[in-house]
Amino acid sequence: MYRTALRNVLAHKGRLLMTALAVMLGTAFVAGTMIFSDTFGKAMANSSAKSFSDVSVQITDTAAGSGAGAREKSERSPSSLNDATVQQLAALPGAAGARGVVGGFTGVADKKGNLIGEAWRARGANFAPAAGGNDSRYPMAEGRGPQAPQEIALDRATADKGGYKVGDTVRVASNGPVLDARLTGIFTTDDPEVGSGGTLTLFEHATAQQLLLTPGQYSSIAVQAKPGTSESALLAQVKPKVPAEEQFETETGQELKDEQAKQIASSTDSMKTMLLTFAAISLFVGIFIIANTFTMLVAQRTKELALLRAVGASRKQVTRSVLIEALVIGAVSSVAGLVAGIGIGAGMQALIGALGAGMPSGPLVIAPLTIVVALVVGVLVTVLSALLPAVRASRIAPVAAMSSGEQPATQKGMVIRNSIGSVLAAGGLALVAYGASTGNDSGRVPVGIGAALALVGVFVLLPLLSRPVIALVGPLLGRLFGTPGRLARRNAVRNPRRTAATAAALTIGLTLVSALTVLGASVGGAIDRAVTSAMKADYTVSMANGMSLSPQVPAEIAKTPGVAASSALTTVYWDLGGHSKEITGIDAGSADRLLSLDFTGGSAANLAKGEILVSTDVAKSNGLALGSALAVTFPDDTTGSFTVGGVFEKNEMLSPVVLANSEIAKHDRDPYVSDVLVKGADGASVSLKQALKDSTGANPAIEVKTKQDVRDQFSQIITFALNMMYGLLAMSVIVAVLGVINTLAMSVFERKREIGMLRAIGLDRSGIKRMVRLESVVISLFGAVIGVLLGCFVAWAVNGTLKSSIAGLTTVMPVGRLALFLALAGLVGLVAAIWPARRASKLDILDSIKTD
């Protein structure tokens with residue numbers, strides 16, 4: 001039986017080719033993901049470890065920063081890291097030296113005034129030269145380090161991007177005033193953030209403290225150990241010299257490396273999980289192809305299997321022979337997939353390097369676990385997929401199987417199948433509907449479970465659905481394409497199970513794609529409406545990196561010619577009614593001109609009376625109404641109360657609690673300034689936008705956006721996420737295409753005599769091709785229609801669970817895009833039929849008719 005199984009694999013290698021390709025693609029995706037994740041994580045860890053190569057112990061002041069809030073926090077703190085602390089640490093018996101480090105946000109403008117690189121990766125630091133005038137962390141490739149307040153040095157990549165040379169004037173800025181400085185040096189560094197595309201600007205020591213922290217303050221101190229002194233021994237010496245406040249963290253160099261390695265591992269694990277999820281989808285799609293292939297092979301070899309049973313082969317032997325075939329296919333395909341996965345891993349690494357200049361790289365990491373997982377997954381999926389066809393093969397009776405052809409499913413079997421499918425589908429849809437009805441995140445678990453059950457139930461019911469659904473297009477096929485059209489419809493419903501298994505692969509992909517598309521359109525529409533309806537202002541001004549704006553910026557903007565109204569949007573966290581709440585501050589006199597609030601009671605005019613505005617959710621949860629008193633505990637631990645002057649519907653531009661900036665200033669002299677809203681006297685204009693930019697000192701780190709800019713920003717994020725998902729789902733679509741090709745090719749072989757008879761009675765070659773192509777298109781569209789409907793339903797349910805998180809969220813059906821998906825599914829069917837149709841049209845009439 002083993003030899004028989006191996007001979008069958010060789011004898012049917014052409015028919016098993018698509019199955020092997022499906023398994024190979026799935027395992028290649030798995031292997032490629034694991035190889036890329038391991039390689040990228042290893043390269044990142046090696047690169048980040050260099051940051052602490054000369055650090056034995058580091059003390060970090062977590063309260064230090066370049067934002068206004070951080071500065072105030074540092075000023076209120078009784079202790080800080082300063083020159084005295086550096087001198088004390090340098091004098092320790094086990095210390096070879098100590099170095100004060102200043103760090104914070106610093107943006108660099110190119111020659112057009114635009115920010116170089118991403119704002120969140122733009123940093124500034126202090127140049128700390130040793131006795132020889134050099135800083136070992138930043139060796140100068142050209143020029144020298146900064147020595148005066150108006151001097152800076154840039155990393156090589158940033159200087160090249162900006163087109164700067166030593167001696168040029170460069171505009172840089174933190175969150176405060178801009179600085180036009182002379183470039184005195186260009187340096188190289190192995191800093192991983194710079195290596196991954198970030199920018200780094202070096203200032204003279206005192207200037208760095210003035211711009212990024214406060215004079216005399218350091219964000220951290222790095223201590224180097226003397227030869228023979230361990231990091232732990234030095235740590236024991238350092239700790240007594242460090243201020244006792246909780247804001248100070250003391251760690252060894254190895255602890256810093258380990259902590260960063262954990263963070264990198266966590267981020268790469270998240271990426272790996274996401275990619276493996278899509279790889280699992282591809283393998284799941286492949287299951288249908290494998291099961292369908294072996295089902296058709298068993299049907300085509302009915303007489304052969306019957307003869308084996310007749311000459312003494314037991315049921316177990318027949319089952320085992322089919323599973324051995326699957327094992328061989330799975331093993332060969334998995335090995336090929338592993339090899340292809342190595343290529344995919346290398347290709348993904350090269351792609352990341354091309355997209356993100358300077359990303360760390362290293363040799364490919366092919367871990368033993370990757371090899372084992374790729375081989376085991378490929379073999380296991382193939383064998384399990386072939387299990388049911390193998391069991392069916394063992395049940396073929398020797399006598400009953402003497403006539404070739406697939407044994408029809410029994411009525412009892414179909415009833416059981418349809419009953420199970422109906423229960424699963426109904427139960428799943430009920431759970432989905434229940435989850436959607438909750439209107440909050442508590443319904444997400446029922447929706448997730450229900451969607452999975454409904455999907456499985458629909459798959460089980462696909463054979464039952466195929467006849468009525470395909471029958472709907474039958475008359476149209478007949479009228480448009482004549483005899484080939486009518487034959488195509490009959491062929492598509494001749495074997496409902498086979499049609500369902502082929503269509504299921506496309507159903508999975510279209511369900512996910514449709515759901516993501518509807519969700520993206522719905523969320524995008526809600527955000528778009530929120531920005532349009534909530535924001536009366538023409539412009540919003542904010543820091544590109546999300547930090548607090550300097551307190552001087554709102555005042556400068558208010559003085560800009562052409563500005564009719566403006567207000568800073570500030571944020572504080574106070575204790576309201578016993579719970580910490582985020583509060584948005586806005587100028588009472590400008591609120592009505594800048595924002596559009598939908599009030600259920602009261603008005604924004606009450607802000608000028610010192611009253612507070614609350615959202616309907618806050619009012620409901622705290623039992624508040626118009627005129628209610630709300631107790632508050634201020635940052636200085638004093639207490640008071642505010643009268644509720646208005647209750648408004650949830651607004652995405654504001655926190656659930658709104659107060660006048662004048663009231664906030666009484667208790668928090670330096671709140672976080674997130675944005676400045678601006679209303680133009682003559683509306684939005686190019687000249688006003690430039691004037692606002694000029695009022696900030698042409699700060700490259702400050703963005704001036706119109707309402708359309710804000711809408712486009714959110715739209716780009718959603719579009720990017722959708723495109724990434726589409727790209728990852730492309731592999732499952734490719735596998736589905738292979739399934740269609742495989743089914744059609746095997747069907748052509750199976751119907752060889754029938755095709756010969758059609759040719760003999762007058763159907764020409766083009767008619768045969770048209771018949772096979774139309775059959776493929778019908779099956780593809782059947783799977784696509786079911787997938788789109790199911791995906792839209794799931795998206796509607798998920799939207800129901802998001803309503804409490806996203807105000808104004810409604811389900812938006814992008815009809816044009818969904819129609820495009822159906823058209824593409826039809827095109828996929830047409831392309832998939834090219835080879836089978838060509839093969840069918842070239843069959844010899846006499847050879848086909850005499851086929852046994």
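These numbers come from a predicted model, not from an experiment.

## A short note on the overall build of the chain
1) Next: When helices and strands are counted, the chain shows 27 helices and 22 strands.
2) Next: Overall, the chain is about 100 × 70 × 50 Å in size when its C-alpha atoms are taken along their principal axes.
3) Next: Looking at the chain as a whole, 50% of its 852 residues are labelled buried.
4) Next: Of all intrachain contacts in the chain linking residues separated by at least 6 positions in sequence, the fraction that spans at least 24 positions is 82%.

## Details of the packing of helix 22 (residues 707-750) against helix 25 (residues 815-832)
A pair of packed helices is characterised by two quantities: the angle between their axes and the separation of those axes.
1) Next: In the contact formed by helix 22 and helix 25, the axes pass within 9 Å of each other and the chain directions differ by 35°. By crossing handedness, the relation of helix 22 to helix 25 is classed as right-handed. Residue-level contacts link L722, Y726, V737, V740, I741 and L744 of helix 22 to R817, F821, V828 and A832 of helix 25.

## A few points about a nonpolar patch on the surface
1) Next: Together, L820, L824, L827, L830, V831 and I834 line one region of the surface with nonpolar side chains, adding up to about 520 Å² of accessible area.
2) Next: Top contributing element to the nonpolar patch by residue count: helix 25, with five residues.
3) Next: Structurally, L830 can be placed in helix 25.

## Comments concerning the packing of aromatic side chains
1) Next: Applying the stated criterion across every chain, the model contains eight aromatic pairs.
2) Next: Ring centres 6.4 Å apart and planes at 40° place the aromatic pair F284 and F459 in the tilted group. With F284 in helix 9 (residues 253-300) and F459 in helix 14 (residues 444-471), this pair connects stretches of sequence that are 175 residues apart.
3) Next: The class for F284 is partly exposed, based on a relative accessible area of 34%.
4) Next: On the basis of relative accessible area, F459 is assigned to the buried category, the value being 8%.
5) Next: Clustering of aromatic rings is evident, with ring pairs tying together W574, F634 and F642.

## Comments concerning the pattern of salt bridges
1) Next: Per the stated rule, a full pass over the model turns up 11 salt bridges.
2) Next: Across the pair K272 and D38 runs a salt bridge whose closest N-O atoms are separated by 3.3 Å. Highlighted residues: K272 in helix 9 and D38 in helix 2 (residues 13-49), separated in sequence by 234 residues.
3) Next: Exposure remark for D38: the relative accessible area of 22% places this residue in the partly exposed category.
4) Next: With its nearest N and O atoms 3.3 Å apart, the salt bridge here joins R182 to E151. Note that R182 is positioned in strand 9 (residues 178-187) and E151 in strand 7 (residues 151-155), a separation of 31 residues in sequence.

## Thoughts on helix 8 (residues 231-238)
1) Next: Those residues of helix 8 that sit buried are L234, L235 and V238. With its buried residues spanning 105° around the axis, helix 8 presents them on a single face. For helix 8, the exposed residues lying more than 90 degrees away from the buried face are S232 and A236.
2) Next: If you follow the buried residues of helix 8, they end up packed against strand 1 (57-61), helix 4 (83-90), strand 2 (95-101), strand 11 (220-225) and strand 12 (248-252).

## Quick notes on the packing of helix 25 against helix 26 (residues 834-841)
1) Next: The N-to-C vectors of helix 25 and helix 26 enclose an angle of 40°; their axes lie 4 Å apart at closest approach. The angle between helix 25 and helix 26 falls in the class oblique. Each of L830, V831 and A832 in helix 25 lies in contact with helix 26, whose residues at this interface are I834, W835 and P836.
2) Next: For the contact of helix 25 with helix 26, the per-class residue count stands at six nonpolar, no polar and no charged.

## Some details on the nonpolar core
1) Next: Core analysis: the largest hydrophobic core is formed by 70 residues, its most contacted members being F459, L462 and I768.
2) Next: The residues contacting F459, other than those within four sequence positions of it, are F284, F288, R417, A504, T507 and I508.

## Some details on the pairing of strand 12
1) Next: Of all five residues in strand 12, four are buried, a share of seventy percent or more.
2) Next: Sheet topology places strand 1 next to strand 12; five bridges connect them, and they run antiparallel. For D61, the partnering residue across the bridge sits in strand 12 and is F248.

## Quick look at helix 7 (residues 205-212)
1) Next: The complete set of buried residues in helix 7 reads T207, A208, Q209, L211 and L212.
2) Next: Near the N-terminus of helix 7, the side chain that reaches the backbone nitrogen of A206, with its oxygen 3.2 Å away, is that of E204.

## Some thoughts on the pairing of strand 21 (residues 672-680)
Put simply, side chains in a regular strand alternate between the two faces of the sheet.
1) Next: Counting buried positions along strand 21 gives seven out of nine residues, so the element sits mostly inside the fold.
2) Next: Examined bridge by bridge, strand 13 (residues 539-543) and strand 21 share three bridges and lie antiparallel to one another. When the sheet's bridge partners are listed, V541 is paired in strand 21 with V676.
3) Next: Pairing of strand 14 (residues 563-576) with strand 21, which is carried by eight bridges, proceeds in the antiparallel orientation. Paired with S567 across the two strands is L677, which belongs to strand 21.

## Some points on the sheet that holds strand 1
1) Next: The antiparallel open sheet is built from four strands, whose spatial order is 2-11-1-12. With one partner strand each, in any of the chains shown, strand 2 and strand 12 form the two edges of the open sheet. In this sheet, adjacent strand axes meet at a mean angle of 15° when their direction is disregarded.

## Quick notes on a negative patch on the surface
1) Next: Residues E249, E255, D258 and E259 make up a contiguous surface patch of negative charge.
2) Next: Looking at which element gives the most residues to the negative patch, the answer is helix 9, with three residues.
3) Next: Mapped onto the elements, E249 comes out in strand 12.
4) Next: With relative accessibility at 40%, the residue E249 sits in the partly exposed group.

Rules behind the numbers
- Residues numbered from 1 in each chain as written.
- Predicted model: local features only at pLDDT ≥ 70, side-chain atom pairs only at ≥ 80, totals over all residues.
- Heavy atoms only, no water.
- Helix = DSSP H or I, 4+ residues; strand = E, 2+ residues; numbered from the N terminus.
- Buried < 20%, exposed > 50% of the residue type's maximum accessible area, 1.4 Å probe, protein only.
- Contact = heavy atoms within 4.5 Å.
- Axes fitted to C-alpha atoms, helices over the stretch in contact; angles between N-to-C directions.
- Left-handed = near helix turned anticlockwise from the far one by under 90°.
- Patch = residues over 30% accessible without salt bridge, like charges linked within 9 Å, V, L, I, M, F, W, Y side chains within 5 Å.
- Areas by Shrake-Rupley, 256 points an atom, 1.4 Å probe, with all protein chains shown as cover.
- Salt bridge = Lys/Arg side-chain N within 4 Å of Asp/Glu carboxyl O.
- Phe/Tyr/Trp six-rings, centres within 6.5 Å; stacked < 30°, edge-to-face > 60°.
- Arc of directions from axis to C-beta.
- Parallel < 35°, antiparallel > 145°, perpendicular 65-115°, else oblique.
- Nonpolar A, V, L, I, M, F, W, Y, C, P; charged D, E, K, R; others polar.
- Core = buried A, V, L, I, M, F, W, Y, C linked by side-chain atoms within 4.5 Å.
- Pairing = 2+ DSSP bridges.
- Polar contact = N/O pair within 3.5 Å; in protein donor to acceptor, adjacent residues only side chain to side chain.
- Lys, Arg positive; Asp, Glu negative; His and termini not counted.
- Charge placed at Lys NZ, Arg CZ, Asp CG, Glu CD.

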